[in-house]
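Architecture at a glance
Here are the chains, one letter per residue:
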Amino acid sequence: MIASGRWTRSLAALNATVLIAAACSSDDPHTLTFDVTGEGSFAITYVINGRSTTEPQVRPPWRKDITLAGQGEDTWSLSIRHLGAGSVSAVAYVDGQFITQTAGSGSSGGGTSSLSGSVG
């Protein structure tokens, strides 16, 4: 359901950051995977160790694999801004193992869903 163009809460609070730390026992490289599904179009921004990348017009499904150096702690975040009506679900994995997820839906756009965490 939508009120004033805001997304409703589904799996995690929207417009809030979910912090998850993935425990890793070595300094080996790791693969961070973002998997976004849903309906509509989105602007997706991901930040890896302070470096921001924006994909301004994405239609799901969208998947991104990122190799993390594994030298100390790597930090990451994913922000999804809905550009119209539809729904979104996002999942983050490290080395194929589930880390965190979020979801939401909206009818007039403007909602944002975020994930973040660290590996190291």
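Residues numbered from 1 in each chain as written. Predicted model: local features only at pLDDT ≥ 70, side-chain atom pairs only at ≥ 80, totals over all residues. Heavy atoms only, no water.

**A word on the overall build of the chain**
A tally of helices and strands in the chain yields zero helices and nine strands. Relative to its 120 residues, the chain shows a buried fraction of 42%. Pairs at least 24 apart in sequence give 71% of the contacts found in the chain among residues at least 6 apart. Accessible surface, the chain as shown: approximately 6300 Å² in total, 46% of it carbon and sulfur. (Helix = DSSP H or I, 4+ residues; strand = E, 2+ residues; numbered from the N terminus. Buried < 20%, exposed > 50% of the residue type's maximum accessible area, 1.4 Å probe, protein only. Contact = heavy atoms within 4.5 Å. Areas by Shrake-Rupley, 256 points an atom, 1.4 Å probe, with all protein chains shown as cover.)

**Remarks on the pairing of strand E4 (residues 51–58)**
For a regular strand, the rule is simple: side chains alternate between the two faces of the sheet. Of the pairings in the sheet, the one linking strand E3 (residues 42–48) to E4 comprises six bridges and is antiparallel in character. Across the sheet, Tyr46 pairs through a bridge with Thr53, a residue of E4. (Pairing = 2+ DSSP bridges.)

**A closer look at the packing of aromatic side chains**
For the structure shown, the criterion picks out three aromatic pairs. Through pairs of rings, three or more aromatic residues link up here, namely Phe34, Tyr46, Trp62 and Trp76. (Phe/Tyr/Trp six-rings, centres within 6.5 Å; stacked < 30°, edge-to-face > 60°.)

**A few points about the nonpolar core**
Among the nonpolar cores identified, the biggest contains 21 residues, and Phe34, Trp76 and Leu78 are the most heavily contacted of them. Among all residues touching Leu78, those that are not within four sequence positions of it are Phe34, Val36, Ile44, Thr45, Tyr46, Trp62, Ala90, Ser113, Ser114 and Leu115. (Core = buried A, V, L, I, M, F, W, Y, C linked by side-chain atoms within 4.5 Å.)

**What about the sheet that holds strand E8 (residues 97–106)?**
Ordered by their spatial adjacency, four strands build an open sheet running E5-E2-E7-E8, and the pairing between neighbours is antiparallel. At either margin of the open sheet sits one strand with a lone partner, and together these are strand E5 (62–68) and E8. Ignoring which end each strand starts from, the neighbouring axes of this sheet average 10° apart. Judged from the nine bridges that link them, strand E7 (residues 86–94) and E8 form a sheet pairing that is antiparallel. Counterpart to Ala92 in the pairing with E8 is Thr100. (Axes fitted to C-alpha atoms, helices over the stretch in contact; angles between N-to-C directions.)

**Focus: the environment of Asp95**
With respect to the helices and strands, the residue Asp95 is situated in the loop between E7 and E8. Sequence separation between Asp95 and Thr31 is 64 residues, and the spatial gap between their C-alpha atoms is 5.0 Å. Apart from the residues lying within four places of it in its own chain, the contact partners of Asp95 are His30 and Thr31.

**As for unusual backbone geometry**
Cis rather than trans, the peptide bond between Pro60 and Pro61 has omega equal to 0°. You can see Pro61 is positioned in the loop between E4 and E5. The residue Asn49 is not glycine, and still its phi comes out positive at about 50°. If you trace the backbone, Asn49 turns up in the loop between E3 and E4. A positive phi angle is found at Asp95, which is not glycine, with a value near 50°. Asp95 gets classed as partly exposed once you look at its relative accessible area, which sits at 44%.

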